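Residues per chain, in single letters:
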Amino acid sequence: GARFGIRDSGARISVEHPELGPLVVEVRRPSSGLDVEVTTQDLGSALAIKGAEQDLRRELDLAGTQMRALRIRVRRERDAEGVPGARVPPTARRR
């Protein structure tokens, strides 16, 4: 099941994706465009999301909205050494 929360400045969605696993998507809408942050527990899922970034930008553009930034974080529950999750570098909009 998905959980969804809305604030004045944006929204937060938690979902169990069948292929990518648990995801938390936070969307903020500053004065122009959208800032999107996706948190996953798996580096493979993070790379798959990163690979779909241009498609997401294109779909949002078609809907009349620009994505200013996409940030992807990997946050593991805990690994054997207690090492914190990795972070996939954010990207700015490219034209």
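Residues numbered from 1 in each chain as written. Predicted model: local features only at pLDDT ≥ 70, side-chain atom pairs only at ≥ 80, totals over all residues. Heavy atoms only, no water.

Visitor: Explain the overall build of the protein here, please?
Guide: Assigned secondary structure in the protein consists of 2 helices and 6 strands. Reading the protein from its N end, one meets helices and strands in the order β-β-β-β-α-α-β-β. Here the protein holds 95 residues, and the buried ones make up 32% of them. Taking all contacts inside the protein whose residues are at least 6 apart in sequence as the whole, residues at least 24 apart take part in 41%. Roughly 6400 Å² of accessible area belongs to the protein as shown, and the carbon and sulfur atoms make up 52% of that amount. (Helix = DSSP H or I, 4+ residues; strand = E, 2+ residues; numbered from the N terminus. Buried < 20%, exposed > 50% of the residue type's maximum accessible area, 1.4 Å probe, protein only. Contact = heavy atoms within 4.5 Å. Areas by Shrake-Rupley, 256 points an atom, 1.4 Å probe, with all protein chains shown as cover.)

Visitor: Is there a simple way to explain helix H1 (residues 43-51) in this structure?
Guide: Every α-helix winds through 3.6 residues per turn, so residues three or four apart in the chain are directed the same way. The complete set of buried residues in H1 reads Ser 45, Ala 46 and Ile 49. Taken end-on, H1 shows its buried residues confined to a sector of 100 degrees, consistent with a single buried face. By the N-cap criterion, in which a side-chain oxygen at the helix start approaches the backbone nitrogen of a residue two or three places on, H1 is capped by Asp 42, the distance to Gly 44 being 2.9 Å. (Arc of directions from axis to C-beta. Polar contact = N/O pair within 3.5 Å; in protein donor to acceptor, adjacent residues only side chain to side chain.)

Visitor: Looking at this structure, how should I read the nonpolar core?
Guide: When a protein is soluble and globular, its nonpolar side chains tend to lie buried together. Of all hydrophobic cores here, the largest spans 12 residues; its members are Leu 23, Val 25, Leu 34, Val 36, Val 38, Ala 46, Ile 49, Leu 60, Met 67, Leu 70, Ile 72 and Val 74. Of all the secondary-structure elements, those providing two or more residues to this core are strand S3 (21-28), strand S4 (34-40), H1 and strand S5 (67-74). Setting aside anything within four residues of it in sequence, one finds Val 38 in contact with Leu 23, Val 24, Val 25, Ile 49, Leu 70, Arg 71, Ile 72 and Arg 73. (Core = buried A, V, L, I, M, F, W, Y, C linked by side-chain atoms within 4.5 Å.)

Visitor: Please clarify how the side chain of Ser 45 should be interpreted in this entry.
Guide: Relative to the elements of secondary structure, Ser 45 occurs in helix H1. On the accessibility criterion, Ser 45 (5% relative accessible area) is buried.

Visitor: Is there a simple way to think about the pattern of salt bridges in this case?
Guide: Two side chains bearing opposite charge may form a pair once their charged atoms approach each other closely. Evaluation of the coordinates by the stated rule reveals 6 salt bridges. For the salt bridge of Lys 50 with Glu 53, the shortest nitrogen-to-oxygen distance reads 3.2 Å. A network of salt bridges, in which partner residues are shared, links Arg 12, Glu 26 and Arg 28. (Salt bridge = Lys/Arg side-chain N within 4 Å of Asp/Glu carboxyl O.)

Visitor: What am I meant to see in the pairing of S4 here?
Guide: If a strand is regular, its side chains alternate between the two faces of the sheet. For S4, a buried count of 7 out of 7 residues is recorded, marking the element as mostly surrounded by other parts of the structure. A two-sided burial pattern is seen for S4, the buried positions comprising Leu 34, Val 36, Val 38 and Thr 40 on one face and Asp 35, Glu 37 and Thr 39 on the other. Where S3 lies against S4, 6 bridges are found, and the strand directions are antiparallel. Pairing of Leu 23 across the sheet is with Thr 40, part of S4. Between the end of S3 and the start of S4, which pair antiparallel, lie 5 residues, with Gly 33 showing a positive phi angle near 75 degrees. As paired elements, S4 and S5 share 7 bridges and run parallel to each other. Note on S5: the bridge partner recorded for Thr 40 is Val 74. (Pairing = 2+ DSSP bridges.)

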